[in-house]
8 protein chains.
Amino acid sequence: MAFKPGVDPLPRRVYPRQALSAEASLTIYLHKTDLPDGLDLGPIVAIDTETMGLDPRRDRLCVVQLSAGDGHAHLVQIARGQTRAPNLERLLTNPDVLKLFHFGRFDIAAMKNAFGVTTAPVWCTKIASRLIRTFTDRHGLKYLLQEMVGVDVSKQQQTSDWGAAELTEAQKDYAASDVLYLHALKAALELRLQREGRMELAQRCFDFLPTRAELDLMGWDEPNDIFHH
Amino acid sequence: MAFKPGVDPLPRRVYPRQALSAEASLTIYLHKTDLPDGLDLGPIVAIDTETMGLDPRRDRLCVVQLSAGDGHAHLVQIARGQTRAPNLERLLTNPDVLKLFHFGRFDIAAMKNAFGVTTAPVWCTKIASRLIRTFTDRHGLKYLLQEMVGVDVSKQQQTSDWGAAELTEAQKDYAASDVLYLHALKAALELRLQREGRMELAQRCFDFLPTRAELDLMGWDEPNDIFHH
Amino acid sequence: MAFKPGVDPLPRRVYPRQALSAEASLTIYLHKTDLPDGLDLGPIVAIDTETMGLDPRRDRLCVVQLSAGDGHAHLVQIARGQTRAPNLERLLTNPDVLKLFHFGRFDIAAMKNAFGVTTAPVWCTKIASRLIRTFTDRHGLKYLLQEMVGVDVSKQQQTSDWGAAELTEAQKDYAASDVLYLHALKAALELRLQREGRMELAQRCFDFLPTRAELDLMGWDEPNDIFHH
Amino acid sequence: MAFKPGVDPLPRRVYPRQALSAEASLTIYLHKTDLPDGLDLGPIVAIDTETMGLDPRRDRLCVVQLSAGDGHAHLVQIARGQTRAPNLERLLTNPDVLKLFHFGRFDIAAMKNAFGVTTAPVWCTKIASRLIRTFTDRHGLKYLLQEMVGVDVSKQQQTSDWGAAELTEAQKDYAASDVLYLHALKAALELRLQREGRMELAQRCFDFLPTRAELDLMGWDEPNDIFHH
Amino acid sequence: MAFKPGVDPLPRRVYPRQALSAEASLTIYLHKTDLPDGLDLGPIVAIDTETMGLDPRRDRLCVVQLSAGDGHAHLVQIARGQTRAPNLERLLTNPDVLKLFHFGRFDIAAMKNAFGVTTAPVWCTKIASRLIRTFTDRHGLKYLLQEMVGVDVSKQQQTSDWGAAELTEAQKDYAASDVLYLHALKAALELRLQREGRMELAQRCFDFLPTRAELDLMGWDEPNDIFHH
Amino acid sequence: MAFKPGVDPLPRRVYPRQALSAEASLTIYLHKTDLPDGLDLGPIVAIDTETMGLDPRRDRLCVVQLSAGDGHAHLVQIARGQTRAPNLERLLTNPDVLKLFHFGRFDIAAMKNAFGVTTAPVWCTKIASRLIRTFTDRHGLKYLLQEMVGVDVSKQQQTSDWGAAELTEAQKDYAASDVLYLHALKAALELRLQREGRMELAQRCFDFLPTRAELDLMGWDEPNDIFHH
Amino acid sequence: MAFKPGVDPLPRRVYPRQALSAEASLTIYLHKTDLPDGLDLGPIVAIDTETMGLDPRRDRLCVVQLSAGDGHAHLVQIARGQTRAPNLERLLTNPDVLKLFHFGRFDIAAMKNAFGVTTAPVWCTKIASRLIRTFTDRHGLKYLLQEMVGVDVSKQQQTSDWGAAELTEAQKDYAASDVLYLHALKAALELRLQREGRMELAQRCFDFLPTRAELDLMGWDEPNDIFHH
Amino acid sequence: MAFKPGVDPLPRRVYPRQALSAEASLTIYLHKTDLPDGLDLGPIVAIDTETMGLDPRRDRLCVVQLSAGDGHAHLVQIARGQTRAPNLERLLTNPDVLKLFHFGRFDIAAMKNAFGVTTAPVWCTKIASRLIRTFTDRHGLKYLLQEMVGVDVSKQQQTSDWGAAELTEAQKDYAASDVLYLHALKAALELRLQREGRMELAQRCFDFLPTRAELDLMGWDEPNDIFHH
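Numbering of residues begins from 1 in every chain and follows the order in which that chain's sequence is written. Labels are handed out in written order, letters beginning with A for the chains and numbers beginning with 1 for the ligands. Local features in this predicted model are restricted to residues of pLDDT 70 or higher, and side-chain atom pairs are both shown and tallied only at a pLDDT of 80 or more, whereas totals for entire chains, interfaces and linings draw on every residue. With hydrogens and water set aside, each side-chain value is computed from the structure's full complement of heavy atoms.

Thoughts on the interface of chain E and chain C
Many descriptions give the size of an interface as the accessible area lost when the pieces come together. Put simply, the rule reads: In what follows, residue pairs with any heavy atoms lying within 4.5 Å of each other are defined as contacts. Buried area is understood as the total, over both parts, of accessible area removed when two parts are fitted together, assessed with a 1.4 Å probe. When a carboxyl oxygen of Asp or Glu is within 4 Å of a side-chain nitrogen of Lys or Arg, the pair counts as a salt bridge. For this analysis, a polar contact is any N or O atom pair within 3.5 Å, provided that within protein one partner can donate a hydrogen and the other can accept it, and provided that sequence-adjacent residues contribute only side-chain to side-chain pairs. All residues other than Ala, Val, Leu, Ile, Met, Phe, Trp, Tyr, Cys, Pro, Asp, Glu, Lys and Arg, Gly among them, are scored as polar; the first ten of these are nonpolar and the last four charged.
If you look at the interface, chain E gives nine residues, while chain C gives 11 residues. Around 950 Å² of area is buried between chain E and chain C when both sides are counted, 41% of it from carbon and sulfur atoms. One salt bridge in this structure joins Asp 161 of chain C and Arg 195 of chain E, with 3.0 Å as the shortest N-O distance. One can count nine residue pairs in polar contact (both at pLDDT 80 or more) joining chain E with chain C. A breakdown of the residues in the side of chain E that touches chain C according to their chemical character gives two nonpolar, three polar and four charged.

As structure tokens, then:
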């Protein structure tokens, strides 16, 4: 696929969905319970997760989506009661691979809850957007991809039954779409962080993010934030 | 002074005010605009600040209190319009000196706002209390000192005119009392953090605290927390 | 009618309105004040009610709709001041007939208020949806029927004058539509409850539902819930 | 000890603390990790628990207090990380022993979380008070014991460090006081439930209480109550 | 005009706007400062008002609209600073003429504030709707006219500049539409009040309405209601 | 007894409790289920009620207290399930006897709920206080009696068990104290209503009060007030 | 009287009530409807008002208190229905006399409402306190007098019946105490305003205060502030 | 350009966008860092600003738009870190030039924050609208221009990246549109202010506006308004 974020990160209206399909055939790989052995997704891996809901005490992890930023997506279906996924865990804890999320706070907690591992190092497009797009409250992925990458993604399957044994095509497409464009989005956000001199501040926030997720799991989320007065 | 937190950290009712005065004469040193040259306060320095109010845009830093944990206190009065305090700044940024606060989030921001320096490394008794005293909402310094160190301190001067040219005796006593017992409190809290296995989690929170204070100064405090969904 | 929930409970887009009309002629039977003698609606009866409003002290019960799950509906119009309906009461209290509701909490209370009888045993599609569709807040009947049974029902007549002496055709259609598909919805929800191992928990909630409705009538609803701290 | 709740359940000002001490020497038995083998606490056992806080995900169970209603108390200290207590579990699940709580919703959940067992059958003095003392919002144990049993108990140790290896005498006294008078309170409340004809309604609420606690643990507490509209 | 509310008060879809225009030419009479001498509007006069806003201390009365229920409307423009309107005042206080409003609480207060007179006797279609349409929260005039009289009226001019020296045609049409159909609406509401036995209760509410408006003017509106606990 | 409200209604500090006891021996008459035949309480009767709580659907009427303003009190105990009290009902509906309450809204509704009768005519010291003591939010009976009549009454038994078969002496004293001084309070309030010209407005509010209570019983209390916009 | 605010504005504990009485006999002059002709209260007049309540539409102005700062007070009783007070109005509008208030926003509005005049120029000790005592939320007069002037004043008569024909001695004392110390308070606040460089900002706020009060009267108070976004 | 506000200030539907383009070619002049030397924008200059967000501590001023009311617009791009703009500052502080804003409170504060200068004298169309359009809550510029000037302006670019080095054409058009029609809007609002006699009140609000903005910058905005009780 011809997509090269390092060369031309933000040419507006360059990666519309149909264009991507035309240039390179997007493949969605579906894996049961873990990533296959030996799969190398490169130094920066975009990750998203789908769960049965927002309460980690009750709502199990169902799907982990990953992309190397090459236009393809890997979906790992997690089984009910599953507590280990060695290849995935190795990736999450690999200090040489940057894990790239949008609102990673939730995904990192969900995977910590499922497998017990702490994901690091990480980069989060939502935090970056909050740090640099100070003129707006809209930091949703759909909105960011529209404005900064020129891609429209659907959110219709967001609250579907991710615990089903067989995912529908619509679910697979939706799951993949959440990781396919994160590399391009990161590139666009970095330009602005650098322009306004907030790259180093962003990095310190990313460094704390796994701890923030762990505190959430332990009940120190709002309004019981550990830093509160 | 005979006070040895390492030996006997939590004998209730052991350090009442009068006892301290009897054993060792508490001295409050008053300095104008900066710490004196050559003052060595040891590897762990308890610090507190007094300001004209809670809005750093408007309310100037008035007093910085420090203690080596030896029962004595140093008060530095900051002048109106003052933007530098070289000796104090050197201490705040010295990587070999741990700065010990109660709710350091505010003090670190106030000194960053006044002098532009980032205080590090730090330890915060309020965060430690939140992490280990999960059975209560009461994490105020007065309450903690009563329960864990057996000392009663007054809070009557808390909202007095700290911008006055001459501090009253009551103000000096109050200012000193906020740093005199922090070393003992830290020792008591560490015992419990270790018992419940939360020492490492606490450390990661302390590491983030200077960034948390910097985000506050930039407007990313509640309800605009940078980590919000 | 060819509809067999046991055989094929969730083929999406199989039971659209027009299809039902084509396959089997839906009949809406209208009864005054009580069910006719000798009517057997089988072991599982879907029930819904219409009232003059939400305050049982003031707003009388107007219509009780029932269906055996065979595509037909029976509407019983309750007269102003009526306090008994022997055939209906016998059905509600029959321990061998499962009464199937969507948000039965309200209907059970309305009929307890009108006739003094406690409906049991019961099954509630709203509770089942809350227990299994943890990824969403949308548990309305219209939404559930769309997603899980593939049927669109109108809600336009929901707040019409159910106390009128003569119901309009639109009112009758609406009233019937609330009970016609509950058997199919129950079947679809049971599959998921079983998959996630929450069938037994659901049963315990259903067992308590008549008591929950009775507590409501006595004023122990939110925020005065009898179980509150 | 001469205390016979069956004979004289509510003679106001009959069981003041000192009187109890005079009549019969109250003994507090302290057990580590489990009840001793062979201890028979009779057909109705009053139970209370102390934890590290209110969040079962994070705050471990520390102490379980029990009393046969004979004026003595048994305290079981639960160790950090402990997940089984066979004798205690046997008691909690014994269908022939009624477990008597004040606000059992919390205690049942805490023990379910610690040991995985469902406590049943149960009786709760808080629910009984809500059902019969409709003229007030005050249903706290301290208040109920004052008004209905004539006993004053202190609540000062309520938020103390129950996770300590050695409990203080004050903690032991406080822990015991929460179970010593529950039999007498139950007797007084039953008289009023019978007078107002609400005994059977109370029983249905008690039957649901273990399920209510289990729903809490799974996240269906307010404002996500499973019965909500 | 063929419109006879006494004969056939609620034939649904009988009075659409165009039908009215076709059958009888609606005339809007515009009067400056007062009704003309000698105008007889019959025993029941529909009245509505337009003001500069909702604060009677500040926002002056601009227009009073009246209709005899014969399909015509009279608009009285009130001048800035005007404090008397003898003919209008005579009508408002005439004990033999029923003044018919929709949410008369506001209009009665506005005219009391402008002229000092208490309007009586009165009838209010909003109160009647609240008393009988207990199944809904929608008691706006537009909604009531649609559902019960079969007429669609526009609300676009509701917040226009009623203090202008010359009203636009759109303003006149809007102002007239608020009084033209109140007689028909009253007839429809009365049928239901009678059916549910609430006519006498409604009458007692209407009797109090002028006092309710006077209390509002004096500051005893919510949340300072004179009847509050 | 020498107490003559018509002669000297507001001599501050004239009717302290002990003075009353000295002058005239206060008698509390206790009646079961109804007033005795032939008892004449004069043209103005002070009335208060005690119930099992604030929800008329659930909480039965227990006691009705009455006083002729002569320093004596009559207590009528209402039995569980009782629905008639002919002598009391005759008094409540007697158009020639003014019923005097403090916050009559509740008492009138409680007696309407118990016996089905509408109390009229009425006078309410709480409404009078709201109309004339505009400088304060404190309109409780205890406060009014202190400030305007110079009498201290206890409120300790307010939330006691009024459904008990035998009332305690403390309960009887408390119940009586709520009606003994209402005549004197009315006299004091009338002076001020007259001074500020609000007597006629007060009368119109009193006239509506029975309807206000009836609307409450039917569910049109706040926030569903029948007069709301 | 020896009180000279210019000479010694803030000697703590210098003007206690008893001291004032000793040094100079405080005289309270009571005037009916207006100030006497020819009374000269000097260039700075402290003013406070008492009303029937907080709603100017309803609650009339009862008393205006004034003091020249010489330890004496003048009380002007305003009659019901009174709309003019020429001498007082002349003082309020005299451009050469500074009117000194504590929370003048209310008093200026009350007098504008009563007499139609705009008070100017003005000085307000509450605004000054907000501008300079940024470390606290406590800006009440009682608190300010305690902290900055060393005087304790009672607030017990604050909500008494100021519309009475004859004021009690307690009312007169209270009314006087609100104006006696405002000159001293102003002097103390001015020192701090000057120290922090906010004198000119305070002046601009004082200049706007009469308009702020006029906007309040017209309904543009919170939450409808004219400056809102 | 033929646009002459003095001659014909409010001919509805006279200045539609296309008409303006047809009559006179709108020119948008782009200036870097300051206005050019010698540019005379006349006695009344419409001004608007664009920033990186709403928090002046963090979000820098990006663009200042100005118009003489002649149909042309001048855009001044402010560089990151820029603290002076001499020509612009001279205009802002020129006592002979009226600065015309819509919600000037924000713009005046943003420019005070950037350059340290206080803008005066000023006129604000939002305040004028609040003072005269009392019948509505809608005071947004888009709405006002539609209703009172007959112009539709787009708000799509409102939250775009105004800190970009190169503004897009859409950004320039949007920025210009906010100042092009303010002269016409002012003329229309003045007519109504005069009609209702509120011109002088408006002027006093405008006079205070620069101080209101300065108080905002210092933290005395809602809910800490300096005028609060």
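What follows picks up the thread again.
Considering the relation of the copies chain E and chain C
For the record, the criterion: Copies are brought into register by a least-squares superposition over C-alpha atoms of residues with pLDDT of at least 70 in both.
Screw-axis analysis of chain E against chain C gives a translation of 0.1 Å along the axis, an RMSD of 0.0 Å, and a rotation angle of 90°. A rotation of that kind, with that shift, is consistent with a four-fold axis. When each C-alpha of chain E is compared by its distance to the rotation axis, Pro 223 of chain E comes out closest, at 15 Å.

Topic: the sheet that holds strand 6 (residues 122-124) of chain C
Adjacent strands of a sheet form backbone hydrogen bonds with each other and so pair up, either parallel or antiparallel. Residues and elements named next belong to chain C. Which entries qualify depends on this criterion: Strand pairing requires that DSSP identify at least two bridges connecting the strands. Secondary structure counts use DSSP, requiring at least four H or I residues in a row for a helix and at least two E residues in a row for a strand, with both numbered from the N terminus. Axes here refer to lines fitted to C-alpha atoms; in helices the fit is confined to the stretch in contact. Angles between the N-to-C directions go from 0 to 180 degrees.
Taken together, the six strands give an open sheet; going across it, the order is 1-4-3-2-5-6, and neighbouring strands pair in mixed fashion. Both edges of this open sheet fall to strand 1 (28-32) and strand 6, since each of them pairs with a single strand only. Averaged over all neighbouring strand pairs, the angle between strand axes comes to 25°, with direction disregarded. Direction of pairing for strand 2 (residues 44-51) relative to strand 5 (residues 98-101): parallel, over a ladder of three bridges. Looking across to strand 5, one finds that Ile 44 is bridged to Leu 98. Relative to the sheet, helix 4 (residues 125-132) contacts strand 5 and strand 6, its axis offset from that of strand 6 by approximately 50°.

So, helix 7 (residues 182-195) of chain E
Residue and element names in this part refer to chain E. Just so we agree on the cut-off: Helix span, as expected, comes to 1.5 Å for every residue beyond the first. The buried label applies to any residue whose accessible area, calculated with a 1.4 Å probe on protein chains only, is under 20% of its type's maximum; exposed applies above 50%, and partly exposed to all values in between.
Between its first and last C-alpha atoms helix 7 spans 20 Å; for 14 residues at 1.5 Å apiece the expected length is 20 Å, and the two agree. With 10 of 14 residues buried, helix 7 lies mostly within the body of the structure. Of the residues one or two after helix 7, Gly 197 is the one with positive phi, at around 70°.

Some remarks on the relation of the copies chain A and chain B
Once turned by 180° and shifted 0.0 Å along the axis, chain A lies on chain B with an RMSD of 0.0 Å. Both copies of the chain, as the preceding transformation shows, are related through a two-fold rotation axis. For chain A, the minimum C-alpha distance to the rotation axis belongs to Phe 208 of chain A and amounts to 3.3 Å. Of the interface residues in chain A, 100% have counterparts in chain B that sit at the interface too, so the contact is made through matching surfaces.

Digging into helix 5 (residues 141-149) of chain C
Along helix 5 of chain C, the residues classified as buried are Leu 141, Leu 144, Leu 145, Glu 147, Met 148 and Val 149 of chain C. The inward-facing, buried residues of helix 5 of chain C contact helix 4, helix 6 (169-180) and helix 7 (182-195) of chain C.

Notes on the packing of aromatic side chains
Heads up, the condition is: Within 6.5 Å between ring centres, the rings of Phe, Tyr and Trp (the latter by its six-membered ring) count as paired, and their orientation is classed by plane angle as stacked under 30 degrees, edge-to-face over 60, tilted in between.
Scanning all chains against the criterion turns up 36 aromatic pairs over all chains. With centroids separated by 4.8 Å and ring planes inclined at 45°, the aromatic side chains of Trp 123 of chain F and Phe 206 of chain F adopt a geometry described as tilted. Here the residue Trp 123 of chain F occupies a position in strand 6 (residues 122-124), and Phe 206 of chain F occupies one in helix 8 (residues 199-217), the gap between them amounting to 83 residues. Each member of the pair, Trp 123 of chain F as well as Phe 206 of chain F, is classed as buried. Taken together, the ring pairs connect Phe 208 and Phe 227 of chain A together with Phe 208 and Phe 227 of chain B into an aromatic cluster.

What about the state of the cysteines?
Residue and element names in this part refer to chain B. This is how the line gets drawn: To count as a disulfide, a pair of cysteine sulfur atoms needs to be within 2.5 Å.
The final tally for this structure, using the stated rule, is zero disulfides over all chains. The structure places no disulfide on Cys 124, whose sulfur is separated from the nearest cysteine sulfur, that of Cys 205, by 9.9 Å. Note on Cys 124: relative accessible area 2%, which makes it buried.

Some thoughts on the interface of chain A and chain B
Contact with chain A, which involves 25 residues of that partner, is made by 25 residues of chain B. Summing both partners gives a buried area of about 2,600 Å² for chain A against chain B, and 65% of it is carried by carbon and sulfur. Between the two partners, chain A and chain B, sit two salt bridges. Two residues, Arg 204 of chain A and Glu 214 of chain B, come together in a salt bridge whose shortest N-O distance is 3.0 Å. Of all the elements in the fold, those that place two or more residues in the side of chain A that touches chain B are helix 4 (125-132) and helix 8 (199-217) of chain A. Residue contributions to the side of chain A that touches chain B peak at nine residues, all from helix 8 of chain A. Taken together, the residues of the side of chain A that touches chain B break down into 12 nonpolar, four polar and nine charged.

Digging into the packing of helix 3 (residues 104-115) of chain C against helix 8 (residues 199-217) of chain C
All names here are of chain C. How we decide: Take the far helix as your reference; a near helix turned counterclockwise from it by less than a right angle gives a left-handed crossing, and one turned clockwise gives a right-handed crossing.
Here helix 3 crosses helix 8 at 65°, and the two axes come no closer than 8 Å. Once helix 3 is placed against helix 8, the crossing between them reads as right-handed. The segment helix 3 lies against helix 8, with Gly 104, Arg 105, Ile 108, Ala 109, Lys 112 and Asn 113 engaging Leu 209, Pro 210, Arg 212, Ala 213, Glu 214, Asp 216 and Leu 217.

Brief notes about the pattern of salt bridges
Summed over the entire model, instances satisfying the criterion amount to 144 salt bridges over all chains. Here Glu 196 of chain E ties to Arg 60 of chain C by a salt bridge, and the two come within 2.5 Å at their closest N and O atoms. Taken together, the positions of Glu 196 of chain E in the loop between helix 7 and helix 8 (199-217) and Arg 60 of chain C in the loop between strand 2 and strand 3 (61-67) put the pair across two chains. Glu 196 of chain E gets classed as buried once you look at its relative accessible area, which sits at 4%. Judged by relative accessible area, which is 18%, Arg 60 of chain C ranks as buried. As a salt-bridge pair, Lys 186 of chain C and Glu 190 of chain C come within 3.3 Å of each other at their nearest N and O atoms. Remark: Glu 190 of chain C and Lys 186 of chain C occur in helix 7; sequence separation between them is four residues, near one turn of the helix. Put simply, Arg 60, Arg 80 and Asp 161 of chain A together with Arg 192, Arg 195 and Glu 196 of chain C are held in one network by salt bridges that share partners.

Let's talk about the side chain of Arg 130 of chain H
Condition: We treat Lys and Arg as the positive residues and Asp and Glu as the negative residues; His and chain ends play no part in the count.
When you line up the elements, Arg 130 of chain H lands in helix 4 (residues 125-132). Despite its burial, Arg 130 of chain H remains without a salt bridge, the nearest opposite charge being carried by Asp 137 of chain H at 6.0 Å. If sequence neighbours within four positions are ignored, Arg 130 of chain H has contacts with Trp 220, Asp 225, Ile 226, His 228 and His 229 of chain G together with His 139 of chain H.

Here we look at the UniProt feature "domain: 3'-5' exonuclease" (unreviewed entry) in chain A
Defined as follows: UniProt positions are given in the numbering used here, feature names are shortened, and annotations may be inferred rather than shown by experiment.
UniProt feature "domain: 3'-5' exonuclease" (unreviewed entry): in the numbering of this structure it lies at residues 26-194 of chain A. End C-alpha atoms of residues 26-194 of chain A are separated by 32 Å, and the span's content is 37% helix alongside 19% strand.

Some words on unusual backbone geometry
Geometrically, the link from Glu 222 of chain C to Pro 223 of chain C is a cis peptide bond, its omega value of 0° lying close to zero. In this structure, Pro 223 of chain C sits in the segment after helix 8. One non-glycine residue, Thr 33 of chain B, adopts positive backbone phi at about 70°. Counting through the fold element by element, Thr 33 of chain B comes out in the loop between strand 1 (28-32) and strand 2 (44-51).

Looking at the sheet that holds strand 1 (residues 28-32) of chain F
Residues and elements named next belong to chain F. The strand order across the open sheet formed by six strands is 1-4-3-2-5-6, and the pairing between neighbours is mixed. With one partner strand each, in any of the chains shown, strand 1 and strand 6 form the two edges of the open sheet. Between one strand axis and the next, the sheet turns by 25° as a mean value, whatever way the strands run. Set on the sheet, helix 3 (residues 104-115) makes contact with strand 2 (44-51), strand 3 (61-67), strand 5 (98-101) and strand 6; between it and strand 2 the angle comes to about 75°. In the packing of helix 4 (residues 125-132) onto the sheet, contacts are made with strand 5 and strand 6, and the angle to strand 6 comes to roughly 50°.

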